[in-house]
Structure formats: C-alpha cells, structure tokens
Amino acid sequence: MPRGDKSSYTGKQKRQAAHIEEGYEKRGLGVKTSEKRAWATVNKLTGGGKLSGSGRAKSASDRH
C-alpha cells in the first residue's frame, strides 16, 4: 500500500477527517495543510486505519 492510501480507513474515519479538514480550512489554513492535519488528528483519535476488532481491548489494569 503506497503512502497516503486511505483505502484501509473506515467510512467513519473518512467522514471524521473530512469534517476536521473543513474546520481547519475555515480557520484559514491551506487545503494540503488542512488535509494532513485532519488525517493526523484521525490517526491520533482512532489509532490509524482498520484494526482487528477481536482482542484489541486492554484490561483496566493495563491502562495506566
């Protein structure tokens, strides 16, 4: 998968990035900068693209 390929993201993550990008553009940032920051924010919030669902949760004692 080449860099910048968004095919591994869920529809929800793509919608989140689009909404965040709009907010950055309204603040006066450029289109490319807004897009980069939006995807960085989505990655920070969700941990990246599609992740396996089963077994991903950590127990309460592991969340220090």
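Residues numbered from 1 in each chain as written. Predicted model: local features only at pLDDT ≥ 70, side-chain atom pairs only at ≥ 80, totals over all residues. Heavy atoms only, no water.

Enquirer: Describe the side chain of Gln13, naming the residues involved and giving the relevant values.
Expert: Counting through the fold element by element, Gln13 comes out in helix α1 (residues 11-26). A distance of 2.9 Å separates a polar atom in the side chain of Gln13 from a polar atom in the side chain of Thr46. In this structure, Gln13 is in contact with Trp39, Val42, Thr46, Gly48, Gly49 and Lys50, ignoring residues within four places of it in sequence. (Helix = DSSP H or I, 4+ residues; strand = E, 2+ residues; numbered from the N terminus. Polar contact = N/O pair within 3.5 Å; in protein donor to acceptor, adjacent residues only side chain to side chain. Contact = heavy atoms within 4.5 Å.)

Enquirer: Run through the packing of α1 against helix α2 (residues 31-46), naming residues and quoting values.
Expert: Close contact between α1 and α2 brings their axes to 8 Å; oriented N to C, the two are set at 135°. On the basis of their axis angle, the class for α1 and α2 is oblique. Along this stretch, α1 crosses α2, giving a crossing that reads as right-handed. In this structure, α1 contributes Gln13, Lys14, Gln16, Ala17, Ile20, Glu21, Tyr24 and Glu25 to the contact, and α2 contributes Val31, Ser34, Glu35, Arg37, Ala38, Trp39, Thr41, Val42 and Thr46. Of the residues contributing to the contact of α1 with α2, the split by class is seven nonpolar, five polar and five charged. (Axes fitted to C-alpha atoms, helices over the stretch in contact; angles between N-to-C directions. Parallel < 35°, antiparallel > 145°, perpendicular 65-115°, else oblique. Left-handed = near helix turned anticlockwise from the far one by under 90°. Nonpolar A, V, L, I, M, F, W, Y, C, P; charged D, E, K, R; others polar.)

Enquirer: Just give me the short version of the packing of aromatic side chains, but keep the residues and values in it.
Expert: The final tally for this structure, using the stated rule, is one aromatic pair. Here the aromatic rings of Tyr9 and Trp39 are separated by 4.7 Å at their centres, their planes lie at 55°, and the arrangement is tilted. On the criterion of sequence distance, the pair formed by Tyr9 in the segment before α1 and Trp39 in helix α2 is long-range, its members being 30 residues apart. We classify Tyr9 as buried; its relative accessible area is 12%. A residue is classified by how much of its surface remains accessible, and Trp39, at 11% relative accessible area, is buried. Across the ring face of Trp39, the terminal group of Lys6 is positioned such that the distance to the ring centre comes to 4.9 Å. Between Arg37 and the ring centre of Tyr24, over which it is positioned, the NZ or CZ distance is 5.8 Å. (Phe/Tyr/Trp six-rings, centres within 6.5 Å; stacked < 30°, edge-to-face > 60°. Buried < 20%, exposed > 50% of the residue type's maximum accessible area, 1.4 Å probe, protein only. Lys NZ or Arg CZ within 6 Å of the ring centre and 35° of its normal.)

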